[in-house]
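Listed below, chain by chain, are the residues.
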Amino acid sequence: MAAIAEIPGPKGIPLLGSALDLQRDSLDTFVRARREYGDVVRISAGPPGLRSVMHCVFSAAGAQQVLATQTANFRKDNRLYEEIRLSIGNGLLTSQDADYLRQRRLIQPLFTKRQVDGYATAVTLEAGSTVERWRAARDADGDTVVDVIREMDRFALRTVARILFGADIEAAADVVHDNFPVINAYLLRRGFSPVNSPRSWPLPANRRAEEATRAVYAVCDRIIAARRAAGTTSAADGDDLLSLLARAGSEEDGSLDAAELRDQLLVFLIAGHETTGTSMTFALHLLSRHPEVQARAQEEVDRLPAGHTPSAADLDRLPYLTRVLKEAMRLYPAAPLIGRRSVEAAEIGGHVIPAGADVLVPPWVIHRHPDLWDDPERFDPDRFTPEREAARHRYAWFPFGGGPRACIGQHFAMLESVLALAVLLRAYELEAVDREVSVVAGITLQATGTARVRLRARPQAR
């Protein structure tokens, strides 16, 4: 391989490198690194002997190389994925090689467009319940102030639990809601720490995480066991996702055993609700701050037939609302950072990424790249007209990842979010109380503080 210039990057401060900058605001640190050093940047953090080094790829072409064209060379072998495996199992999110291929073949038929469209009723049922709950909470003037962070997390969790478990929604949703924040914080701390104590040590953090993990495992195991004990009734005849997963199998791949079923359920419960809840939160937040965009979206929703509950067949009739969602996901991608580890050295953007390197591909930065987006911090749903989308690089926008490891549930996430937004916007006008919402990068994008919105019932709401 020809000699390539040394990868540039910030030196940071003596002894600690960029550790303090990353701790204060990792997302802004990556944005500044691209602006100051280019599309391939080396960032080091931590004291000598414990220093971690990230090779950041900030171009759309580089993202395509890492996630798609050279995916075999960039694997989910970094520390964060290993910590996730230890806590939520070896499901689609974390499995690799033959395990991943087998799981994907078994599960893919459950996420075809036709199958996913059948989940629309569960989505609109939960969205309608959210509207009714908000109506019950309004004040004497008929207004209600809600924190859409909490509300959309609740909506997304209940929706995915309803689709996964059917009648068992309450137990599953409550247990995940109470325990996943503990697991999430634990994984984040261990995934980015240069040194970790063994999980077996009786430290308070280890004990809390173990108890939370046991609680989530137990509710999944209990529901799976009850379904299997029911034999030809629930497990064979049900149309919720757990029943479909339990029946999935082939002569070549066999079927999922109880542990594998639990691992897949945990991925769908945790990854499915966190990402959709984040996308819904920021779509509503941005709409509440841009009344002209909100009015245009509501005009489109109001053109649906009176008294008609939005369905999967209506997605094509809601193109502007879909563009609103896509633009919210550009500015606030639920997975702001995507990590991999290189197997062999690879050339990206004129630089050599060494073998065994931690590689970071951040949608947060690429979604703001000025070579790809004019005035990138501005909220403009019309960036996603068909003509403008077709003119952009495929990896200018990739909130669901890309390549063979792209999110299997992306069609469901879009369907869920657009239909739920339609139900909520038909019922309410939104006005921002909190104009700015701070975020930090976790396993998913995490809002800090509140994102309060004042709701006003629409006179024409049907």
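Residues numbered from 1 in each chain as written. Predicted model: local features only at pLDDT ≥ 70, side-chain atom pairs only at ≥ 80, totals over all residues. Heavy atoms only, no water.

### Considerations on the packing of aromatic side chains
Here's step 1: If you walk through the whole model with that rule in mind, you get eight aromatic pairs.
Here's step 2: Site record: aromatic cluster; members linked through ring pairs are Phe282, Tyr332 and Trp364.
Here's step 3: Its end group placed over the ring of Trp373, Arg330 keeps NZ or CZ at 5.0 Å from the ring centre. (Phe/Tyr/Trp six-rings, centres within 6.5 Å; stacked < 30°, edge-to-face > 60°. Lys NZ or Arg CZ within 6 Å of the ring centre and 35° of its normal.)

### Observations concerning the pairing of strand β14 (residues 452–457)
Here's step 1: Sheet topology places strand β4 (residues 143–147) next to β14; five bridges connect them, and they run antiparallel. When the sheet's bridge partners are listed, Asp143 is paired in β14 with Arg456.
Here's step 2: By the bridge criterion, five bridges tie strand β11 (residues 428–432) to β14 in an arrangement that is antiparallel. Across the sheet, the residue bridging to Ala432 is Val453, located in β14. (Pairing = 2+ DSSP bridges. Helix = DSSP H or I, 4+ residues; strand = E, 2+ residues; numbered from the N terminus.)

### Let's talk about the side chain of Glu327
Here's step 1: Considering the arrangement of structural elements, one finds Glu327 in helix α14 (residues 319–331).
Here's step 2: From its side chain, Glu327 meets the backbone nitrogen of Asp380 in a polar contact 2.8 Å long.
Here's step 3: Setting aside residues no more than four positions away along its own chain, Glu327 makes contact with Arg378, Phe379, Asp380, Pro381, Arg383 and Phe384. (Polar contact = N/O pair within 3.5 Å; in protein donor to acceptor, adjacent residues only side chain to side chain. Contact = heavy atoms within 4.5 Å.)

### Observations regarding the pattern of salt bridges
Here's step 1: Per the counting criterion, the structure on display carries 31 salt bridges.
Here's step 2: The partner of Lys326 in a salt bridge is Glu389, with the nearest N and O atoms 3.2 Å apart. A residue pair is termed long-range when its members are at least 10 positions apart, and Lys326 in helix α14 and Glu389 in helix α16 (residues 386–391) qualify at 63 residues.
Here's step 3: Among the ionic pairs, Arg378 bridges to Asp380, the shortest N-O distance being 3.3 Å.
Here's step 4: Given the relative accessible area of 13%, Asp380 is considered buried.
Here's step 5: A cluster of three or more residues bridged by salt bridges with shared partners is formed by Asp375, Arg378, Asp380 and Arg388. (Salt bridge = Lys/Arg side-chain N within 4 Å of Asp/Glu carboxyl O. Buried < 20%, exposed > 50% of the residue type's maximum accessible area, 1.4 Å probe, protein only.)

### Let's talk about the sheet that holds β4
Here's step 1: Taken in spatial order, the three strands line up as β4-β14-β11 in an open sheet, and their pairing is antiparallel. Among the strands making up the open sheet, the edge pair consists of β4 and β11. Direction aside, neighbouring strands of the sheet carry axes that sit 30° apart on average.
Here's step 2: Across the sheet, helix α6 (residues 120–136) is in contact with β4, β11 and β14; its angle to β11 comes to roughly 70°. (Axes fitted to C-alpha atoms, helices over the stretch in contact; angles between N-to-C directions.)

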